[in-house]
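The residues making up each chain are set out below.
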Amino acid sequence: MSNLDARPDEQACPAVRAHLSPPAQSLLPRDVPLGGPRAITVLRTLPHKEIRTIGPWCFVDHAPPVDLSRPDAVGVDVPPHPHMGLQTVTWLLDGEVEHRDSEGNHQIVRPGQTNVMTAGRGISHSEYSRREADRLFLLQLWVALPDNHRFGAPHFEHHAELPVFTVDDAEITVINGTLCGHQSPAATYSPLVGAQVRLPPGGRASLALDPTFEHGVLVADGQARVDDVAVDFGALRYLGWGPESVSVASEDGATLLLIGGKPLGEDLLMWWNFVGRDHDEIVDARKAWESGDQFGTVVDDPNARIPAPAIPGVRMRPRPSRPG
Ligand code: MN
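Residues numbered from 1 in each chain as written. Predicted model: local features only at pLDDT ≥ 70, side-chain atom pairs only at ≥ 80, totals over all residues. Heavy atoms only, no water.

Student: Account for the overall build of the protein chain, naming residues and giving values.
Tutor: A tally of regular secondary structure across the protein chain gives 1 helix and 26 strands. Since a compact globule built from 324 residues should have a radius of gyration of about 20 Å, the 19 Å found for the protein chain is in line with a globular shape. Taken over the C-alpha atoms alone, the protein chain extends approximately 55 × 50 × 35 Å along its principal axes. Sorting the 324 residues of the protein chain into buried and exposed places 57% on the buried side. Pairs at least 24 apart in sequence give 73% of the contacts found in the protein chain among residues at least 6 apart. Both charge centroids of the protein chain, one from 28 positive and one from 42 negative side chains, sit 6 Å from each other. (Helix = DSSP H or I, 4+ residues; strand = E, 2+ residues; numbered from the N terminus. Rg over C-alpha atoms; globule rule 2.2 N^0.38 Å. Buried < 20%, exposed > 50% of the residue type's maximum accessible area, 1.4 Å probe, protein only. Contact = heavy atoms within 4.5 Å. Lys, Arg positive; Asp, Glu negative; His and termini not counted. Charge placed at Lys NZ, Arg CZ, Asp CG, Glu CD.)

In structure tokens, the structure reads:
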């Protein structure tokens, strides 16, 4: 998807330098309309003012369920827009989303499958929910690319088959990275994990974690307890790094998203749909999109491109690193 804030802030995501992990805490989402008067509103938990990134994960958008059969229903309709320095990871709980990009890829993604787009030095794409499905319920996450891969060639992957296994009462699908020895075929550029964890009513599970990873658990559907703390729909329980396991449980059943990874150790600057390292790089990327260079043209999408918002008037200064 696209960050359609009319005046997006620059988001400084300083490298994690502390030896001690920040404490476990619940990150509440903020409502972000995805542009226009008839826009879908998503719940955004990353970047969060307390916790900017979790491992290389730098952006979490969660679109609550929509009944698309209603005449006034609004889906996800995001015309051509650029990305740089990140991977987009699309995960549906319900419905269908159609992807097209400037490399000529055209793909519909459905629940249980993932679309992973590696922007590298630059790509443009469009994303539309399909009315062939009555419901829409999706997540889109971004993974920041490390410095040694962020200028690579853009590419797109669709994975219809992903590892599925059970731990205790949970059914787990590995979207990207590795969990409990099960590895997703999706390309990764730093050690990470993204996995759906489905709990039936009354279900519980204890999941082994890599203690060198920073982790978080998003409650994508239902309500759950994470390490015995109640977490509401849409909230993200930050676990920090160090724990070797996490316990999850749900009275009425829940779908969770476990995300984690080794902190990149790089100061990131996020603005609009770009992940860069400093203000000048972001200004150049914006200029390149406005002039039509670098990001190509989405193949077979006649819709008008999304214009880039104005760069904030103030030059971004790095924020202090996290306490710890
Ligand atoms: Mn996008």
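Student: Tell me about the sheet that holds strand β1 (residues 11-13), and please be specific about residues and values.
Tutor: In sheet architecture, strand pairing relies on hydrogen bonds along the backbone and comes in two forms, parallel and antiparallel. Taken together, the 3 strands give an open sheet; going across it, the order is β1-β25-β26, and neighbouring strands pair in antiparallel fashion. Strands at the two margins of the open sheet, each flanked by one partner only, are β1 and β26 (274-276). Within this sheet the neighbouring strands show an average axis-to-axis angle of 25°, counted without direction. Direction of pairing for β1 relative to strand β25 (residues 268-271): antiparallel, over a ladder of 3 bridges. (Pairing = 2+ DSSP bridges. Axes fitted to C-alpha atoms, helices over the stretch in contact; angles between N-to-C directions.)

Student: Lay out the pattern of salt bridges in plain terms, naming residues and giving numbers.
Tutor: Per the counting criterion, the structure on display carries 12 salt bridges. E96 is paired through a salt bridge with R110; the nearest N and O atoms lie 3.1 Å apart. With a gap of 14 residues between them, E96 in the loop between β7 (86-94) and β8 (97-101) and R110 in the loop between β9 (106-109) and β10 (114-118) connect regions that are remote in the sequence. For the salt bridge of D228 with R225, the shortest nitrogen-to-oxygen distance reads 3.6 Å. Shared partners join several salt bridges into a network, and the residues in it are D147, R150, E266, R277 and E281. (Salt bridge = Lys/Arg side-chain N within 4 Å of Asp/Glu carboxyl O.)

Student: An account of unusual backbone geometry is requested, with residue identities and associated values reported.
Tutor: Following L46, the chain continues into P47 via a peptide bond in cis, with omega recorded as -10°. Mapped onto the secondary structure, P47 falls in the loop between β4 (41-46) and β5 (57-67). Backbone geometry places C180, a non-glycine residue, at a positive phi of 50°. Residue classification places C180 among the partly exposed residues on the basis of a relative accessible area of 39%. The phi dihedral of D300 falls on the positive side, at around 65°, and the residue is not glycine. Relative to the helices and strands, D300 resides in the segment after α1 (279-291).

Student: Now, about the pairing of strand β22 (residues 236-241): what can you tell me, with residues and values included?
Tutor: Here β22 lies mainly inside the structure; 6 of its 6 residues are buried. As paired strands, strand β2 (residues 25-27) and β22 are joined by 3 bridges and run antiparallel to one another. When the sheet's bridge partners are listed, L27 is paired in β22 with L236.

Student: Talk me through the confidence of the model for the protein chain; I want residue IDs and the actual numbers.
Tutor: On average, residues of the protein chain score 93 in pLDDT, and 94% of them reach the 70 mark or higher. This model gives residues 320-324 a pLDDT under 50, and the stretch forms 14 contacts once residues within four places in sequence are excluded. (pLDDT = per-residue confidence, 0-100.)

Student: Tell me about the side chain of T90, and name the residues and values.
Tutor: Within the secondary structure layout, T90 lies in strand β7. A residue is classified by how much of its surface remains accessible, and T90, at 7% relative accessible area, is buried. Polar contacts involving the side chain of T90 include one to the side chain of Q140, which spans 3.1 Å. Residues within four places of T90 in sequence aside, it is in contact with V109, Q113, T114, N115, E127, L138, L139 and Q140. (Polar contact = N/O pair within 3.5 Å; in protein donor to acceptor, adjacent residues only side chain to side chain.)

Student: Give me the lowdown on the pairing of strand β18 (residues 203-208), citing residues and values where you can.
Tutor: Residues G203, A205 and L207 point to one face of β18 and are all buried, whereas R204, S206 and A208, pointing to the other face, are not buried. Pairing of β18 with strand β23 (residues 245-250), which is carried by 6 bridges, proceeds in the antiparallel orientation. Its bridge partner being in β23, A205 is matched across the sheet by V248.

Student: How would you sum up the nonpolar core? Please name residues and give values.
Tutor: By size, the foremost hydrophobic cluster in this structure holds 29 residues, and its most contacted members are I40, L136, L138, W272, F274 and F295. Those elements that provide at least two residues to this core are β5, β12 (135-144), β25 and α1. Sort the elements by how many residues they give to this core and α1 lands first, with 4 residues. Once residues lying within four places of it in the same chain are set aside, the contact partners of L136 are P64, P65, V66, L68, G75, V76, D94, G95, E96, V97 and S129. Among the nonpolar cores identified, the runner-up in size contains 26 residues, and V193, V197, A205 and L258 belong to it. (Core = buried A, V, L, I, M, F, W, Y, C linked by side-chain atoms within 4.5 Å.)

Student: Outline the environment of A160, supporting the account with residue identities and numerical values.
Tutor: Looking at the element boundaries, A160 is found in the loop between β13 (155-159) and β14 (164-167). For A160, a relative accessible area of 41% translates into the label partly exposed. When the C-alpha atoms of A160 and S129 are compared, they prove to be 18 Å apart, with 31 residues separating the residues in sequence.

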